[in-house]
Amino acid sequence: MGLGLAFVFGTVAARLRLSPLVGYLIAGVVVGPFTPGFVADADLAAELAEIGVILLMFGVGLHFSMKDLLSVRAIALPGAMAQISVATLLGLVLALLMGWGIEAGIVFGLALSVASTVVLLRALQERRVIQTEKGRVAVGWLIVEDLAMVLALVLLPTWATIRNDVAAAGEFTVEQAQSIGFALTFTLGKVLVFMGLMLVVGKRVVPWILHRVVHLGSRELFRLAVLALALGVALGASELFGVSFALGAFFAGMIMGESELSQQAANETLPLRDAFAVLFFVSVGMLFDPAILLENPWPLLGAVFIILVGKSAAALAIMAMFKQPRSAAALIAASLAQIGEFSFILAGLGVALGVLPEEGRDLI
């Protein structure tokens, strides 16, 4: 049902000179739990969408090298951190206007500050600008945002525990401050270890496996090897190092891109990447509840304003400070006018820990 309706609405969107992504999202709304008629299996949709994220990020990694990523670090790293700070501050202001606390405002602002790397990459692929300088800056910018959200997801439970202890004891101790520092250091250490293993071990092991398999002369086995490596690295990154599936798959693709067989690997996985990527956007559409438009219109408009205007304006100002070309600044600004899968995860975790009210998750 998801693929069928995505085809119908995607075709209509394309005929109207819109991105097919709009049609995919509408298909998700139609089969979602908040609209009448057929309701798709939300749990299954989420699992299929996760595979879509992995394969899409893996495919981009195939055409993206560590050299490309490091070449834009002088802009992407400070730019992303500054933009996250501005967006978080705007979210905090909106939260205070709605009567929430500072903690809830910070979590809400962080959720609004991050954009979807998957959505950006899909848009860049359609316009064939990933390999350009401005495309590399955009991808590097969002990779930094993803890493920042990984840290936030680790620190939030630690802070929630400390907050409860402080409420019970009435004071903030040195040991509690040390636990925050340890959690931050430990998470950064795991990410660095993962990246080191991929660059040192993966750079030798992954191409070696592919060359061994291709000599067997089975196209089916080669395709299976590529998929197993992509999904396996993504799972290992998540389970062992706390890195997201998407980032793990991206680095797996970059490592595989060092092989002479990278183009063949990209061609073999392209149909699956496209199909599962469609299901990802359908699953996002299933999360939309039209009733929120009537229940909380003004807070929703405030959140949309921050996402579409506040983040983009901050990006334009930051790019101007770095004296970047207007075309690159416009691309970054447009890329950030959305939120990502980390936004839903962070908001859900905030609600589960009692830091963010449920209304905040509904607005996200």
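Residues numbered from 1 in each chain as written. Predicted model: local features only at pLDDT ≥ 70, side-chain atom pairs only at ≥ 80, totals over all residues. Heavy atoms only, no water.

Asker: Looking at this structure, how should I read the packing of aromatic side chains?
Answerer: Remark: the centre distance and the inter-plane angle together describe each pair of aromatic rings, the angle taken between the planes. Scanning the entire structure with this criterion turns up two aromatic pairs. With a centroid separation of 5.3 Å and 80 degrees between ring planes, the pair formed by Trp100 and Phe108 is classed as edge-to-face. Given the relative accessible area of 0%, Phe108 is considered buried. Between Phe280 and Phe281 the ring centres are 5.0 Å apart and the planes differ by 75 degrees, which places this aromatic pair in the edge-to-face class. (Phe/Tyr/Trp six-rings, centres within 6.5 Å; stacked < 30°, edge-to-face > 60°. Buried < 20%, exposed > 50% of the residue type's maximum accessible area, 1.4 Å probe, protein only.)

Asker: Where do I start with a nonpolar patch on the surface in this structure?
Answerer: Taken together, the side chains of Phe7, Val8, Val12, Leu16, Leu18, Val22, Ile26 and Val30 present a nonpolar region at the surface, about 690 Å² in accessible area. Secondary structure elements with two or more residues in the nonpolar patch: α1 (2–15) and α2 (20–31). Along the chain, Val8 turns up in helix α1. A relative accessible area of 44% means that Val8 is categorised as partly exposed. (Patch = residues over 30% accessible without salt bridge, like charges linked within 9 Å, V, L, I, M, F, W, Y side chains within 5 Å. Areas by Shrake-Rupley, 256 points an atom, 1.4 Å probe, with all protein chains shown as cover. Salt bridge = Lys/Arg side-chain N within 4 Å of Asp/Glu carboxyl O. Helix = DSSP H or I, 4+ residues; strand = E, 2+ residues; numbered from the N terminus.)

Asker: Could you clarify how one ought to interpret the nonpolar core in this entry?
Answerer: One broad rule of soluble globular proteins: the nonpolar side chains tend to lie buried together. Counting residues in each nonpolar core, the largest one holds 106 residues, and the members touching the most others are Met57, Phe108 and Met256. Discounting chain neighbours no more than four positions away, the residues touching Met57 are Thr117, Val118, Leu121, Ile143, Ala246, Ala249 and Phe250. (Core = buried A, V, L, I, M, F, W, Y, C linked by side-chain atoms within 4.5 Å. Contact = heavy atoms within 4.5 Å.)

Asker: Explain the layout of surface pockets to me, please; I cannot follow it from the model alone.
Answerer: The gaps left among the atoms become clear once a water-sized probe is rolled over them. Size it by volume and the second largest pocket reaches roughly 910 Å³. Looking at the second largest pocket, it is lined by 32 residues, and the ones nearest its centre are Met81, Val144, Leu147, Ala148 and Leu151. When residues of the lining of the second largest pocket are traced back to their parent elements, those giving at least two are α4 (66–71), α5 (73–97), α6 (102–113), α8 (133–169) and α9 (174–214). Per element, the largest residue contribution to the lining of the second largest pocket is 12 residues, and it comes from α8. When the residues that make up the lining of the second largest pocket are grouped by side-chain class, the tally is 28 nonpolar, two polar and two charged. (1 Å grid on protein atoms, 1.4 Å probe; cavity = no way out; pocket = protein on both sides within 12 Å on 5 of 7 lines; lining within 4 Å. Points joined across faces, edges and corners; volume = space filled by probe spheres on them. Nonpolar A, V, L, I, M, F, W, Y, C, P; charged D, E, K, R; others polar.)

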